[in-house]
Amino acid sequence: QFPLGRRLPCDIYWHGVSFHDNNIFSGQVNKFPGMTETVRKITLSRAMRTMQDLFPVEYNFYPRSWILPEELSLFVEEVRTMKDNNPSWKPTFIVKPDGGCQGDGIYLIKDPGDIRLTGSIQSRPAVVQEYICKPLLMDKLKFDIRLYVLLKCLEPLEIYIAKDGLSRFCTEPYQEPTLKNLHQVFMHLTNYSLNIHSGNFIHSESVNTGSKRTFSSILCRLSSRGADVKKLWSDIISLVIKTIIALTPELKVYYQSDIPAGKPGPTCFQILGFDILLMKNLKPMLLEVNANPSMRIEHEQELSPGVFENVPSPVDEEVKVAVIRDTLRLVDPQKKKRKDTHLSFHTYLLIFPSQLQSLHAGIAGMKDKQHKHHSLKLSLKLKFYLKLGSCQSLEQAREVSGELRGAPQSPEAALPSLCLKQVFPKYANEFGYLRLVDRVAALFIRFLGVKGTTRLGPTGFRTFIRNCRLSNSNFSMAAVDILYIDITRRWNSMGIEKESGMCLQAFVEAFFCLARKKYKSQPLHEQVSALIELCECRLAALHRKRLVWGCG
């Protein structure tokens, strides 16, 4: 650990919070610039809404959402209209503060008039969503799924999903929301950080029981009931890929700002936490995406009032250690420069510190007879890691593995098989057509002009219109300026940071407006696709012409 930074370059930098924890100029860092901002509840909701406008059927896994305070009147009006059209509709809504985490500030309402406008709604904006009233229950309890997703590369896009995750349970039997039970957080909110304070929370030595379990244990129970588990996994993979596709345009704008193309700089990867709720019909719904999912593999246990100790959590260790270990294996910078056998040994050494620290803490916290068996298992595991860590070569490591595990180890068995499964570009052909906003973002970045900025000025917007030859007698350059001013002013009034210039989301809105003007009586995604192809074609022709001029 280097709290004050480090002068010598590293292969991998593991930052605690964000890309900007330290100034780095080479190697790989485990955070993307702008990721924290991109997955905030409001930004995520806007990105998903853009994709829902283009592909409503493909993106129906995200609840209907409104942004407060700017869309409060729209929220009230739409709810009133829907109730008038369907008097039997009795909705419940969930309000989530934009910057909140661990369940902080979340509450349920039955009527738009119940939104708590007192306090700091202006300084602390929020998202209000339609509450999912019919979740899948297990043991009469509501639960959600935390899946770990590795975004290994942004360009070209490379996504991996962990084969197992965590299932986090509420601690009171679920009932559909009523005015009487709206405030019972242990019934409605699955957040671990809330439910751990419930008297009903169960810490279990088994990964199949308790208030936190492996997702694989849930799948086993569903399979035994005759559920189509393969289809469920397929739907979850689809949800993850589509969500990442919705997020990448904004990420690319941040990325080019911090790491300009053509200049030396680090490459990035990041582990994301996807929170997913299963509906009664097994349809997965996205709740949110966490840029900094907790990687703790222990929990606090109160020995006496005010006295706590850290106790190992078997379910956390089983899932999270594998995710970090295999992330390191996948991003290993020396992977191409040495044999796979050397990689196996090298990666074992990388993971030792966290493993040893966890095991030492676990053994120290298990002095009593009740935990004697588990303590013995941890001691044996610690002995294995210590012996393996003292090896000077892979051959020695294999001997130690055979000695302690009672069987000879093949080179492939030096590490477990990868728990991270590649889903993109593996399924690129299936989902590539959804990447329209990615191509719009590429046009936006092309005309930014000043390196390091994330805002498009009026000159850049005019140049975009001129180079793509989008102005005509019905759409003059004066109309172009009015469009720029109107959309930019409105988007800038929404943000807390008052910056000048057109942000990506404003440019996307302007682009959609241009597509509707030019290609009428077509679905929006066809209009946008046609305009993208026109712009790309005309810019390519202009580039060829300039090359000819240069040669001339």
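Residues numbered from 1 in each chain as written. Predicted model: local features only at pLDDT ≥ 70, side-chain atom pairs only at ≥ 80, totals over all residues. Heavy atoms only, no water.

Per an unreviewed UniProt entry, the protein chain goes by the name TTL11 polyglutamylase and belongs to Myiagra hebetior.

Caption draft 1: Main features of the overall build of the protein chain. Assigned secondary structure in the protein chain consists of 17 helices and 17 strands. Scored against the burial criterion, the 552 residues of the protein chain give a buried share of 50%. Residue pairs in contact within the protein chain that sit at least 24 positions apart in sequence constitute 65% of those at least 6 positions apart. Taken as a whole, the protein chain presents about 27700 Å² of accessible surface, with 54% of it coming from carbon and sulfur. (Helix = DSSP H or I, 4+ residues; strand = E, 2+ residues; numbered from the N terminus. Buried < 20%, exposed > 50% of the residue type's maximum accessible area, 1.4 Å probe, protein only. Contact = heavy atoms within 4.5 Å. Areas by Shrake-Rupley, 256 points an atom, 1.4 Å probe, with all protein chains shown as cover.)

Caption draft 2: Geometry of the packing of helix α2 (residues 41-54) against helix α16 (residues 504-518). Viewed as axis vectors pointing N to C, α2 and α16 meet at an angle of 15°, and their least axial separation amounts to 12 Å. Put simply, α2 runs roughly parallel to α16. In this structure, α2 crosses over α16, and the sense of that crossing is left-handed. Facing α2, whose interface residues are T43, R46, T50 and L54, α16 presents Q505, V508 and F512. Along the lines of polarity and charge, the residues of the contact of α2 with α16 split into three nonpolar, three polar and one charged. (Axes fitted to C-alpha atoms, helices over the stretch in contact; angles between N-to-C directions. Parallel < 35°, antiparallel > 145°, perpendicular 65-115°, else oblique. Left-handed = near helix turned anticlockwise from the far one by under 90°. Nonpolar A, V, L, I, M, F, W, Y, C, P; charged D, E, K, R; others polar.)

Caption draft 3: Geometry of the nonpolar core. In this structure, F274, F461, F464, F507, F511 and V528 are the most contacted members of the largest nonpolar core, which totals 100 residues. For this core, the element with the most residues is helix α7 (residues 229-258), which contributes 14 residues. Of the domains in this structure, domain 1 (12-63 + 132-333) and domain 2 (435-550) are the two that each give at least three residues to this core. In this structure F507 touches V440, L443, F444, L456, F461, F464 and M502, once residues within four positions along its chain are discounted. L150, V207, V319 and L330 belong to the second-largest nonpolar core, a separate cluster that totals 18 residues. (Core = buried A, V, L, I, M, F, W, Y, C linked by side-chain atoms within 4.5 Å. Domains from an automatic or database assignment.)

Caption draft 4: Representation of the sheet that holds strand β3 (residues 65-68) within the structure. One open sheet holds the four strands; their spatial order is β3-β6-β4-β5, and the pairing between them is antiparallel. Each edge of the sheet is formed by a strand with only one pairing partner; in this case those strands are β3 and β5 (107-109). In this sheet, adjacent strand axes meet at a mean angle of 25° when their direction is disregarded. Alignment of β3 against strand β6 (residues 126-130), held across four bridges, turns out to be antiparallel. The residue bridging W66 from the neighbouring strand is V128, located in β6. Sheet strands in contact with α2 are β3, β4 (93-97) and β6, and its direction is about 135° off that of β3. Contacting β3, β4 and β6, helix α3 (residues 72-85) crosses the sheet at an angle of about 145° to β3. (Pairing = 2+ DSSP bridges.)

Caption draft 5: The arrangement of α7 in detail. Taking 1.5 Å per residue, 30 residues should reach 44 Å; α7 reaches 42 Å between its end C-alpha atoms and fits that length. Maximal helix bending in α7 amounts to about 40°, located at T248; proline P249 follows within four positions. Buried residues dominate α7, accounting for 23 of its 30 residues. Capping of α7 at its N-terminal end is provided by D228; its side-chain oxygen lies 3.4 Å from the backbone amide nitrogen of K230. (Expected span 1.5 Å × (residues − 1). Bend = angle between axes of the 7 residues up to and from the residue. Polar contact = N/O pair within 3.5 Å; in protein donor to acceptor, adjacent residues only side chain to side chain.)

Caption draft 6: Examining the pairing of strand β14 (residues 284-290) more closely. With six of seven residues buried, β14 lies mostly within the body of the structure. Across six bridges, strand β13 (residues 270-278) lies against β14 in antiparallel orientation. Across the sheet, I276 pairs through a bridge with L286, a residue of β14. Between β13 and β14, which pair antiparallel and follow one another directly, the connecting turn spans five residues, one of which, L282, has a positive phi of 70°.

Caption draft 7: A look at the pattern of salt bridges. This structure, assessed with the given rule, holds 26 salt bridges. The residue K41 makes a salt bridge to E288 at a minimum N-O spacing of 3.9 Å. With K41 in helix α2 and E288 in strand β14, the pair connects residues that are 247 residues apart, well separated along the chain. Both residues of the pair, K41 and E288, count as buried. Note that R490 and E509 form a salt bridge whose closest N and O atoms lie 2.3 Å from each other. Here R490, found in helix α15 (residues 477-494), pairs with E509, found in helix α16; they are 19 residues apart in sequence, far enough to count as distant. Judged by its relative accessible area of 36%, R490 falls in the partly exposed class. In the salt-bridge network here, residues are joined through shared partners; they are D144, R146, R168 and D275. (Salt bridge = Lys/Arg side-chain N within 4 Å of Asp/Glu carboxyl O.)

Caption draft 8: Broad picture of the packing of aromatic side chains. Counting across every chain of the model gives 19 aromatic pairs. With a centroid separation of 5.5 Å and an interplanar angle of 35°, the aromatic rings of Y59 and F61 are classed as tilted. Across this residue pair, the class does not change: Y59 and F61 are buried. Against the face of F169 rests R213, its NZ or CZ located 4.0 Å from the ring centre. (Phe/Tyr/Trp six-rings, centres within 6.5 Å; stacked < 30°, edge-to-face > 60°. Lys NZ or Arg CZ within 6 Å of the ring centre and 35° of its normal.)

Caption draft 9: The side chain of K96, seen in detail. The residue K96 is located in strand β4 in this model. A polar contact of 3.0 Å, which involves the side chain of K96, links it to the side chain of Q129.

Caption draft 10: Molecular detail of unusual backbone geometry. With an omega dihedral of 0°, the bond running from E155 to P156 counts as a cis peptide bond. Among the secondary structure elements, P156 is positioned in the loop between β8 (141-153) and β9 (158-162). Cis peptide bonds are those with omega within 30 degrees of zero, and the linkage from F424 to P425 qualifies with 15°. Phi at D139 takes a positive value of approximately 55°, unusual for a residue other than glycine. Within the secondary structure, D139 is located in the loop between β7 (137-138) and β8.

Caption draft 11: Spatial organisation of helix α8 (residues 314-331). Spanning 18 residues, α8 covers 26 Å between terminal C-alpha atoms, matching the ideal 26 Å at 1.5 Å per step. Counting buried residues in α8 gives 17 out of 18 residues, a clear majority hidden from the surface.

Caption draft 12: Spatial organisation of the sheet that holds strand β1 (residues 12-13). Overall, parallel pairing links the three strands, which are arranged β1-β2-β12 in an open sheet. The sheet terminates laterally at β1 and β12 (267-268), the two strands that pair on one side only. Bridge analysis of strand β2 (residues 28-29) against β12 gives two bridges, and the strand direction is parallel. Looking at β12, one finds that V29 is bridged to C268.

Caption draft 13: Quick look at the environment of F507. Mapped onto the fold, F507 is located in helix α16. In this structure F507 comes out as buried when scored by relative accessible area, which is 1%. In this structure, the C-alpha to C-alpha distance between F507 and A441, residues 66 residues apart in sequence, is 8.5 Å.

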